[in-house]
Amino acid sequence: MADHQIDDPKIAFAYLRPSCVLLTKEPILCNVQALSGHLRAVSDGALQLLQDYVLFPLRFVLKTPGPKREALVQAAMEAMAYVLESTCIHSWESLRDLFSELCLCLCSSTDPGTPAPASEELKLAVLRCLDALLHSAYGDVVFKLYEPAMLPGLGAAVSLFLALAEQEKAREVQTAALKCLLSLFLQCDCSRTHVEPEEEERRMLGSALATFLPGITRALSQVIGGDVRQGHAVVVKAMRVWYTTVGLVMEDDQLQNASKDNMDTSELGRVGELMVKRTPSWSKATAKRLTLALQKVISCTSAHQHWRVRLELVNLSDYLLTHCSRSLAECTGPLLEALVGAVNDEEPRVKERCSAVLDEVARRNQANRGQTLKDVLSENLHGLASSLPRLMRTTDDKRKLFVLNVFLGYLKILGPQIDLVLTSAAHLQRISKALMQVLELDVSDVRIVEERTFAPLVDLGPESHEAQFQRKYFLYFTDDKIFSALKQICRMLGHFGNLYLLVDHFLDLYKESSAYRKQAALVLNEVITGAAGIGIDMEPSRTDNFRINHSKTNHADLKSAVMSIVEEYISLNNWHLPTVMEHADIEQHEKLQSPISAIMRGHESNSLHLVPASSTGPRSPTLHQLNSNIWQICIQLEGIGAFALALGTDFCLLLMTSLYPVLEKAGDESLLVSQSALGAMHNLCVACNYSSPKDLVISNADYLLNDVSLNLGRPSVHPHAPRVLAVMFAHSDATLLPLVVDVVQDVLTELDLNYDQRSLQFCTVLHSLMKAMVRWFPSSAKDHIKPPRVPPSQNPEPLDLRQFLLDYKKQKELAEGIGADEEDPSDAEMPPVAPGCEDHSGLEEGPDVKPELPVHVSVAKDVMERCVHLLSHPSVGTRLKVLGIVELCVYVLSETENELLPMVHRCWPVLLQRLTNDDPLVIPQAFRVLCVFGETCGDFLRKRVSKEVLPRLTSALSRQAETSARSGPLYTHTLAYKLQLAVLQGLGPLCVRLDLADSDLDHVSEACLPYLSCRQPIGLQEACLSVFRHLMQVDPDACWFTLTELCCLAAYEPPHMSLHPVRLSGMDRQRTEYTDNVLKLLHELQLGEENETDSRAQK
């Protein structure tokens, strides 16, 4: 636009006249562009006076016969749009002619009802020009478009715009066509000035549009439900056209005065046949059809991914409920459903707008018809509850989430009125059965029953409580948001409903059938949580006249309901459910003793296997039953934790009845059950003001131990009492030990009486006890272990060569029997009197009194005495568990050598059997126990190990070396490999601890040499290197000589000619499979000697 526009009409006419005349003579593109440029130099006032004169050449370009270039027509449209945007149309003839001419530019020449195959740019230019024309129509001129005589032309234009919106692929063209429809219907919402129709004019507009209502709603419904790639702007605009058109035609005020539309149409001829008389029968039939179209629109937009579409759905509901509440009474239900579905929208702007609309709807209905809104909501809630199972089975997760948000929205809007709704047996039955079907869990996953509790219970303490509640997998949905919505629904029911009614009803369902038990427990847990006001997502702005945002359940009612539910949960029939295959854990039926069968049985102890139908004993539960039991117990445990949080400190009164069952499940072998129980323990601590599970257990230890002591004698009724004891050991400290001494004796007694039946169960408890004692008394387990012998090579003192030769001569004479009978005068010397053992005069001499042992040492001794016999148990699992107990007992007894050594002596024959003639699964664990014996007993075991163990271990290593050298990568997964690895890893420290020498070391090094080969698995090579590193500490010279016999790259020249040259068998060998590892060890040995030399030089 020019800086100084022409305001004088005469000057403007003179300025524009040449361009207009030239364009009329030569309708070409450059002339149109020249005129368009000149138009921008004229002011709006002058251009208004010259409007017809300026538009004439541009309209002439459109009327020129023959084909025209699209660029020419597009330029003419842009120039006309500028003129129309800057001026107003005062003449009806001008409006009618321009409207017709512009519509013809969009129509096909062969089929006027369809859009012309023009470019997107040209269509967009024509549509913008039409929009400018409709906006420029002044006063009463525009309303003549809606007179009965104009119905054919108006219908053609509407059809054309709808076809462009429905068929066009370009978003801009679709949006422009929909905007033209809004402008044509006087419903445009842009920032420009618009004509506001009066009541009579709105009635005329509505009467005209009633003729095209079926086509408009059908086409726009197609656009709204079209491809998502068309973008949200097209959908929003189509929705706006849809509901504004429906609102105009079906407006309550217009239909109430429909008699004014009944005019005489006989004079109109065939045009009169197009007129629609909006009679009551027509309104009723149209409302039914619109209900179907509306449901389609809502289904396409309620769960749309863009928030502006969902916001426009709220505006649609608001507009139709405001203007058409009586004429579209059948649509009230779907419209309210759309609104309540947006109450929980994730977009704050949608949620705020929806809350405001619902407030207004509730206020309007409260003022006009009292409780009608509540009746509609109750009816909709009943219908939704009836269809909820079907919708959850047949729709996708996005639609399911919307349906549940609608359900939740109904509950939020009803508020305290939920109580009145639930008093209807039909409503309560529908809602409860819907929740039972929707919350059905998927129990087909084999991993549920396979996951076992391998981690120590103490490692699953309060620090990891957030991970205890497992993610549940449902049959009909996978999205966690859906489960969150279902929990909110249950909490709303508990928050506003009658708690006694809900608890009684869902407890009846819980007892009625095992198919409903898990779902009913889930609902009960959330109902109690909601009744306590926990986790309620309420909108503060939702303040209907009949709404109160707090629960009306008092604390006494809540406590009474919790007590009844907990009592049902922990009853024997609902609590002591099998969670693992019975025969998978009891290995007493082992009959095949081959290594392969032993391996298989070892795996089965931690996995699921199928028991043949012909096997004796009770029939084992199926996979589905086990999974179902696991989930039921987990849900009940989560419920106890939730109830504790709901009651707070008042739950302390229920601890005496609920803590023992929770601890019982904390020791369950199923990982899911164990973790859920630990999570419940954390909630109990929070609710009852305990700092940790340890504090919880110790504070209630007397009650728990009393129950354990009683239940140990009733294994048929309470078979899991040992689990409680094991969990108590895991979550306590040394202050518990004096209290449990008697109970431990009861356990040992029961173990003696039930040796064949429950040995593994009691051994698990004893293992937990000993593990706890090692943790409680760390000094006794570590401070009394003998340190390894410091080898001479690491002695920083210089070597006395003379004394070395004298000692060597003496040892050689003793070996040859010379001087063996001579008494060493040093041996006759009396040893010094130990401190505290002096002869005190004046005191009577009495018999020696054995000092009383500490409690933990006495308990460990009693436990180890049982282990001596149990090491020969026929069950592999029991033997493994007992070996673990023996290892821990040795650590505890290490502070009292007088008690340790006799017990080790008693264990030795049985341990030797486990080492040399047992299942391959047991041998590595037995060897580990032997290493612990070596750490604590030292010289006491040297001769036994040298004569009875080392020859068999070394021969086994030698035999298996060739097999492992020829094996492939899968060999590392075999039991033989694990056995080799365990022996090699423990052999080096054992040699150091027992201070083995001479022939024993030769046997060890000879057996380990083959494992230095590069053909061996990497793990075995590393373990073998560790063995030789330990041998270097014991006898570095012998180790050097052994290694150089295999490979020696250096030549050792004698320092004097009189000395013979050193010849080693490894000097002449080429590079072999042992070279790399041997050179590595020799290099480490050389570095050790250099460091030793440097340290001596410094001193």
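Structure first, text after, so check above.
Keep in mind it's a predicted model, so treat the numbers as computed, not measured.

Chemist: Would you take a moment to explain the overall build of the chain for this structure?
Modeler: Looking only at helices and strands, one finds 48 helices and zero strands in the chain. The buried share of the chain, reckoned over its 1099 residues, is 51%.

Chemist: I'm lost on the pattern of salt bridges in this one. Help?
Modeler: A pair can form between side chains of opposite charge whenever their charged atoms are brought close. By the definition in use, this model includes 28 salt bridges. A salt bridge links Asp 480 to Arg 471; the shortest N-O distance between them is 3.0 Å. Judged by its relative accessible area of 42%, Asp 480 is partly exposed. Among the ionic contacts, a cluster of salt bridges with common partners joins Arg 59, Lys 63 and Glu 101.

Chemist: Is there a simple way to explain the environment of Val 21 in this structure?
Modeler: Mapping Val 21 onto the fold places it in helix 1 (residues 9-25). Val 21 sits 14 residues away from Leu 35 along the chain, and the two C-alpha atoms are 10.0 Å apart.

Chemist: How should I be thinking about empty space enclosed by the protein in this particular structure?
Modeler: It is the rolling of a water-molecule-sized probe over the atoms that shows where space remains empty. The final tally for this structure, using the stated rule, is four cavities of 30 Å³ or more. Volume-wise, the largest cavity comes out at about 70 Å³. Lining the largest cavity are Leu 1001, Asp 1002, Ser 1005, Leu 1031, Asp 1035, Ala 1038, Cys 1039 and Thr 1042. Elements with a contribution of two residues or more to the lining of the largest cavity: helix 45 (999-1008) and helix 47 (1036-1046). Residue classes in the lining of the largest cavity are distributed as four nonpolar, two polar and two charged.

Chemist: Is there a simple way to explain the environment of Gln 625 in this structure?
Modeler: Tracing the backbone shows Gln 625 in helix 29 (residues 623-647). Note: C-alpha distance between Gln 625 and Pro 578 (47 residues apart in sequence) is 8.6 Å. A polar contact of 2.9 Å, which involves the side chain of Gln 625, links it to the backbone nitrogen of Thr 622.

Chemist: Just to check I follow, could you spell out helix 13 (residues 280-301) for this structure?
Modeler: Note: α-helices contain 3.6 residues per turn, so residues at a spacing of three or four share the same orientation. The end-to-end C-alpha distance of helix 13 is 30 Å, a good match for the 32 Å that 22 residues give at a rise of 1.5 Å each. Every buried residue of helix 13 is accounted for by Trp 282, Ser 283, Thr 286, Ala 287, Leu 290, Thr 291, Ala 293, Leu 294, Val 297, Ile 298 and Thr 301. Elements in contact with the buried residues of helix 13: helix 10 (199-224), helix 11 (232-249), helix 12 (252-256), helix 14 (307-323) and helix 15 (332-342).

What counts and what doesn't
- All residue numbers refer to position in the chain's written sequence, counted from 1.
- For this predicted model, a pLDDT threshold of at least 70 governs which residues receive local features, and a threshold of 80 or more governs which side-chain atom pairs are given and counted, while totals over whole chains, interfaces and linings are taken from all residues.
- Side-chain calculation: all heavy atoms of the structure are included, whereas hydrogens and water are not.
- Counting from the N terminus, the helices are DSSP H or I runs at least four residues long and the strands are E runs at least two residues long.
- With a 1.4 Å probe rolled over the protein chains alone, any residue whose accessible area is under 20% of its type maximum counts as buried; one over 50% counts as exposed, and the rest are partly exposed.
- Throughout this description, the term salt bridge denotes a Lys or Arg side-chain nitrogen within 4 Å of a carboxyl oxygen of Asp or Glu.
- A pocket, in this scheme, is an open set of points on a 1 Å grid over the protein atoms alone with protein on both sides within 12 Å along at least 5 of 7 lines, while a cavity is a set where a 1.4 Å probe fits but cannot get out; residues line either one if an atom lies within 4 Å of a point.
- Grid points are joined across faces, edges and corners, and a volume is the space filled by probe spheres set on the points.
- Basically, the charged four are Asp, Glu, Lys and Arg, the nonpolar ten are Ala, Val, Leu, Ile, Met, Phe, Trp, Tyr, Cys and Pro, and anything else, Gly included, counts as polar.
- Nitrogen and oxygen atoms within 3.5 Å of one another constitute a polar contact, given that in protein one can donate a hydrogen and the other can accept it, and given that sequence-neighbouring residues count only through two side-chain atoms.
- Here the expected span of a helix is defined as 1.5 Å times the quantity of residues minus one.
- Residue contacts follow a heavy-atom distance rule, with two residues in contact if any of their heavy atoms lie within 4.5 Å.

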